[in-house]
Amino acid sequence: MSSNSLRIFKKWNRIIHRDFGYFFFGLTLIYCISGIAVNHKKDWNPNYHISNKEIKLDENVQLPMITEDWVLSFLKKQGEEDNYKKYYFPTRNTLKIFIQNGSITIDMESQTAFMEKITKRSFFYELNFLHYNPGKWWTWYSDIFCAALILISISGLFIINKGKNSLTRRGIWFVIAGLIIPILAIFIL
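Note that the structure is a prediction, hence the values are computed from the model and not measured.

> I'd like a description of a nonpolar patch on the surface, backed by residues and values.
Together, Ile-172, Trp-173, Ile-176, Leu-179, Ile-180, Ile-183, Leu-184, Ile-186, Phe-187, Ile-188 and Leu-189 make up an exposed nonpolar region whose accessible area comes to about 1,300 Å². Assignment of secondary structure puts Ile-172 in helix H6 (residues 167–188). According to the relative accessible area criterion, Ile-172 is partly exposed, its value standing at 31%.

> Requested: an account of the packing of aromatic side chains, with residues and values cited.
As enumerated under the stated definition, the model contains 14 aromatic pairs in all. Their ring planes at 75° and their centres at 6.0 Å tell us that Phe-9 and Phe-158 sit as a pair that is edge-to-face. With a gap of 149 residues between them, Phe-9 in helix H1 (residues 3–23) and Phe-158 in the loop between helix H5 (136–157) and H6 connect regions that are remote in the sequence. Their ring planes at 90° and their centres at 4.8 Å tell us that Phe-23 and Phe-24 sit as a pair that is edge-to-face. With a relative accessible area of 55%, Phe-23 lands in the exposed category. One aromatic cluster is present, built from ring pairs that chain together Phe-20, Phe-23, Phe-24, Tyr-31, Trp-137, Trp-138, Tyr-141 and Phe-145.

> Hey, could you go over unusual backbone geometry for me, with residue numbers and the actual values?
Positioned with a positive phi, Asn-101 is a non-glycine residue whose angle comes to about 60°. Its location among the elements puts Asn-101 in the loop between strand E3 (94–99) and strand E4 (102–107). By relative accessible area, which is 43% here, Asn-101 ends up partly exposed. A positive phi angle is found at Gln-111, which is not glycine, with a value near 55°. Mapped onto the elements, Gln-111 comes out in the loop between E4 and strand E5 (112–120). Relative accessible area serves as the criterion here: at 13%, Gln-111 is assigned to the buried category.

> Outline the nonpolar core, listing residues and values.
Formed by 17 residues in total, the largest nonpolar core has its most connected members in Trp-70, Val-71, Phe-74, Leu-75, Ile-97, Ile-104 and Ile-106. Secondary-structure elements contributing two or more residues to this core are helix H3 (68–78), E3, E4 and E5. When residues no more than four places from it in sequence are discounted, the contact partners of Phe-74 are Leu-57, Ile-97, Ile-104, Ile-106 and Ala-113. Listed in part, the six residues of the second largest apolar core include Phe-24, Leu-27, Trp-138 and Phe-145.

Conventions and cut-offs
- Residues numbered from 1 in each chain as written.
- Predicted model: local features only at pLDDT ≥ 70, side-chain atom pairs only at ≥ 80, totals over all residues.
- Heavy atoms only, no water.
- Patch = residues over 30% accessible without salt bridge, like charges linked within 9 Å, V, L, I, M, F, W, Y side chains within 5 Å.
- Areas by Shrake-Rupley, 256 points an atom, 1.4 Å probe, with all protein chains shown as cover.
- Salt bridge = Lys/Arg side-chain N within 4 Å of Asp/Glu carboxyl O.
- Helix = DSSP H or I, 4+ residues; strand = E, 2+ residues; numbered from the N terminus.
- Buried < 20%, exposed > 50% of the residue type's maximum accessible area, 1.4 Å probe, protein only.
- Phe/Tyr/Trp six-rings, centres within 6.5 Å; stacked < 30°, edge-to-face > 60°.
- Core = buried A, V, L, I, M, F, W, Y, C linked by side-chain atoms within 4.5 Å.
- Contact = heavy atoms within 4.5 Å.

Shown next, in the form of structure tokens:
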């Protein structure tokens, strides 16, 4: 490769690396943060916060007394009357009340109610929505992003091309180590 060709290669390599890096900075952060959140979904729900509350009933509730008016009165005490959807009896001693973003199950034997509410985790829900690929046009944009990451990775190898930190000296060992870890994971996991 002539010195002029090498100079042109270096110039365009830096331009590609720099400009793609700038352009995809935000999307890289979105995928990284969302990826960390999704990696730990066994530890927490990255999309939703689920809260549970146990409520001791202040009256002896029996099947014949339960009407829609009673349900609305009960919900009013919980501050949920505006969230009412419907109710039904999955068993003779269990009342299930559906509310906006949750439900309440009343066990008439123990006279205890269990309220479960589900709310979106702000910030993480939106990031994960993009990470899970919400539509066809986003698929294409994500594919372009992935191709750009490939170019950013390859061009990054050639940014420093002289001295002890170049690809041919110190850099090659980092590249090899970085490749060995995922290859080992394929066989171990």
